[in-house]
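# Examination of the molecular architecture
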Amino acid sequence: MDSAIKEKVLAVAGSGRNAAEWTAYFRVTLGLYYLAGLMTSDTIDFKKVDRAFNQFIYHTIGKGHTITSVLQFMSGAKVVPVVSSPRFAAAFSEHCPDVPSDTIPFLLQLNLGVAKNISGIDVAGPLLDWIERQTAPAPDTVEAEAAAAVRAPGDPPGPDVL
């Protein structure tokens, strides 16, 4: 964890309107960076990575919070209002371009899958519903793909293409 990531996390957190929202934005942004960092073919020294994240968390929001508690927060229903917030989305897109916003559903699904494997608890609920809504194709896309699939090669384009 470098100082640039810390600054980005704090910038997103700073867009929260009150202490509770600031903390939620902090947790989600930091958790997304942690999960995005797992997307590598390099070997990860989890003790070293977790120590760096935990130190940053401790120095920022205090005792009793760890990367584990951040990831737990991100696997529950309380994360949905954060990732659904237009203010959070705008701040995250502005300050964290190295973690593309369109990867948020994937990263949350990854975290949810790990939580399920560890706890054995069913993951159905508001977060999974939100993830599915984000990853489902838009109705217009489904209709256009279905219409395109019906056309034979060489047919003129349909009115949806004009």
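Calculation notes
Residues numbered from 1 in each chain as written. Predicted model: local features only at pLDDT ≥ 70, side-chain atom pairs only at ≥ 80, totals over all residues. Heavy atoms only, no water. Helix = DSSP H or I, 4+ residues; strand = E, 2+ residues; numbered from the N terminus. Buried < 20%, exposed > 50% of the residue type's maximum accessible area, 1.4 Å probe, protein only. Contact = heavy atoms within 4.5 Å. Salt bridge = Lys/Arg side-chain N within 4 Å of Asp/Glu carboxyl O. pLDDT = per-residue confidence, 0-100. Phe/Tyr/Trp six-rings, centres within 6.5 Å; stacked < 30°, edge-to-face > 60°. Axes fitted to C-alpha atoms, helices over the stretch in contact; angles between N-to-C directions. Parallel < 35°, antiparallel > 145°, perpendicular 65-115°, else oblique. Left-handed = near helix turned anticlockwise from the far one by under 90°.

Before going further, it helps to examine the overall build of the chain. The helix and strand tally for the chain stands at 9 helices and 0 strands. Secondary structure elements of the chain, listed N to C terminal, follow the sequence α-α-α-α-α-α-α-α-α. When the 162 residues of the chain are sorted by exposure, 31% land in the buried category. Sequence separation of 24 or more characterises 66% of the internal contacts of the chain that already satisfy a separation of 6 or more.

A separate point is the pattern of salt bridges. A complete count under the given rule lists 3 salt bridges for this structure. For Glu21, the salt bridge goes to Arg87, with nearest N and O atoms at 2.5 Å. Note that Glu21 is positioned in helix H2 (residues 19-37) and Arg87 in helix H6 (residues 86-95), a separation of 66 residues in sequence. Several salt bridges converge on common partners, so that one network encompasses Arg17, Glu21 and Arg87.

Further remarks concern the confidence of the model for the chain. Scored by pLDDT, the chain comes out at a mean of 86, with 85% of its residues at no less than 70. Across the chain, the secondary-structure element scoring lowest on mean pLDDT is helix H9 (residues 139-150), at 57, and the one scoring highest is helix H1 (residues 3-13), at 97. This model gives residues 158-162 a pLDDT under 50, and the stretch forms 3 contacts once residues within four places in sequence are excluded.

Another point: the packing of aromatic side chains. Following the criterion strictly, the structure yields 5 aromatic pairs and no others. Taking 5.5 Å as the distance between ring centres and 5° as the angle between the ring planes, the aromatic pair formed by Trp22 and Phe26 counts as stacked. Of this pair, Trp22 and Phe26 both sit in helix H2, separated by 4 residues, roughly a single helical turn. Given the relative accessible area of 24%, Trp22 is considered partly exposed. By relative accessible area, Phe26 is classed as buried at 0%. Ring-pair connections join several aromatic residues into one group, and the members of that group are Trp22, Phe26 and Phe56.

How two helices sit against one another is set out by the angle between their axes and by the gap between those axes. Interhelical geometry of H2 versus H6 gives an angle of 45° and a closest axis separation of 12 Å. Taken together, the axes of H2 and H6 lie oblique to each other. Handedness of the crossing formed by H2 with H6: right-handed. Here H2 contributes Glu21, Tyr25, Val28, Thr29, Leu32 and Tyr33 to the contact with H6, which in turn contributes Arg87, Phe88, Phe92 and His95.

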